[in-house]
Amino acid sequence: EIVFTSAGKEVMPRQFDIVVYGATGFTGKRVAKYLAETHKSLKVALSGRSEEKLSLLANELGLPQENVLVAPLDDHEILTQALSKSRVVLACAGPYRHMGEEVVRAAIQAKTDYLDLCGEPQFFNDMLLKYDDDARANQVLVISACA
């Protein structure tokens, strides 16, 4: 089965529709809860660095443990593997100027569309200048300030 994403690229189906990165933080928890409660048809994964916190949140939201993707920012390979399981990553871990770039880079490598809730204009500009060519070459959407 082949799926066409919003960027028009052909991809093999992914295990998840969306992964919330930083799911156990203040904003990520609210986003994950909203998605799990109001968009039940979406296959939602929770990701971040703490397996214990992610597992507790998955239990709270009624999601199976297979929807927990432990992926610390300091392990690019594991982060890229985790993001490759989803069509879209919604990055909620901030501040973005300290934590966002690695998620952008891994998403592009995983060919996973990237969205964030960032309100940091310098981050938008830096990511555009640094990753626009790679994102286009990989047909990956990188969109900031989606709130």
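Fair warning: this is a prediction, and the values are worked out from it, not measured in the lab. (Residues numbered from 1 in each chain as written. Predicted model: local features only at pLDDT ≥ 70, side-chain atom pairs only at ≥ 80, totals over all residues. Heavy atoms only, no water.)

I keep staring at the packing of helix α3 (residues 76-83) against helix α4 (residues 96-110) and nothing clicks. Help me out?
When two helices pack together, you describe them by how their axes are tilted relative to each other and by the distance separating the axes. The contact between α3 and α4 brings their axes to 8 Å, and the two run at 55°. By the angle class used here, α3 and α4 are oblique. Regarding α3 and α4, the two cross each other, and that crossing is right-handed. Contacts between α3 and α4 involve His-76, Leu-79, Thr-80 and Leu-83 on the former and, on the latter, Glu-102, Val-103, Arg-105, Ala-106, Ala-107, Gln-109 and Ala-110. By residue class, the composition of the contact of α3 with α4 is 6 nonpolar, 3 polar and 2 charged. (Axes fitted to C-alpha atoms, helices over the stretch in contact; angles between N-to-C directions. Helix = DSSP H or I, 4+ residues; strand = E, 2+ residues; numbered from the N terminus. Parallel < 35°, antiparallel > 145°, perpendicular 65-115°, else oblique. Left-handed = near helix turned anticlockwise from the far one by under 90°. Contact = heavy atoms within 4.5 Å. Nonpolar A, V, L, I, M, F, W, Y, C, P; charged D, E, K, R; others polar.)

What is the right way to read the packing of aromatic side chains from this model?
Given two aromatic rings, one states the distance between the centres and the angle between the planes to describe the pair. This model, assessed by the stated rule, comprises 1 aromatic pair. The cationic tip of Arg-30 hangs over the ring face of Phe-26; the distance from NZ or CZ to the ring centre is 3.9 Å. (Phe/Tyr/Trp six-rings, centres within 6.5 Å; stacked < 30°, edge-to-face > 60°. Lys NZ or Arg CZ within 6 Å of the ring centre and 35° of its normal.)

Sorry if this is basic, but what is going on with unusual backbone geometry here?
Going from Gly-94 to Pro-95, the amide bond is cis rather than trans, its omega being 0°. Mapped onto the fold, Pro-95 is located in the loop between β6 (86-91) and α4. Backbone geometry places Gln-139, a non-glycine residue, at a positive phi of 55°. Within the element layout of this structure, Gln-139 appears in the loop between α5 (121-137) and β8 (142-143). Even without being glycine, Ala-145 reaches a positive phi, approximately 60°. Mapped onto the elements of the fold, Ala-145 is located in the segment after β8. By relative accessible area, which is 39% here, Ala-145 ends up partly exposed. (Buried < 20%, exposed > 50% of the residue type's maximum accessible area, 1.4 Å probe, protein only.)

Sorry, what's going on with the sheet that holds strand β3 (residues 16-21) here?
In any sheet, the strands associate via hydrogen bonds between backbone groups, in a parallel or an antiparallel arrangement. Taken together, 6 strands build an open sheet; the order of strands is β5-β4-β3-β6-β7-β8 and the sheet is parallel. Edge strands, defined here as strands with exactly one partner in the open sheet, are β5 (68-70) and β8. Judged from the 3 bridges that link them, strand β4 (residues 44-48) and β5 form a sheet pairing that is parallel. Across the sheet, the residue bridging to Leu-46 is Val-68, located in β5. Contacting β3, β6, β7 (113-116) and β8, α4 crosses the sheet at an angle of about 160° to β7. (Pairing = 2+ DSSP bridges.)

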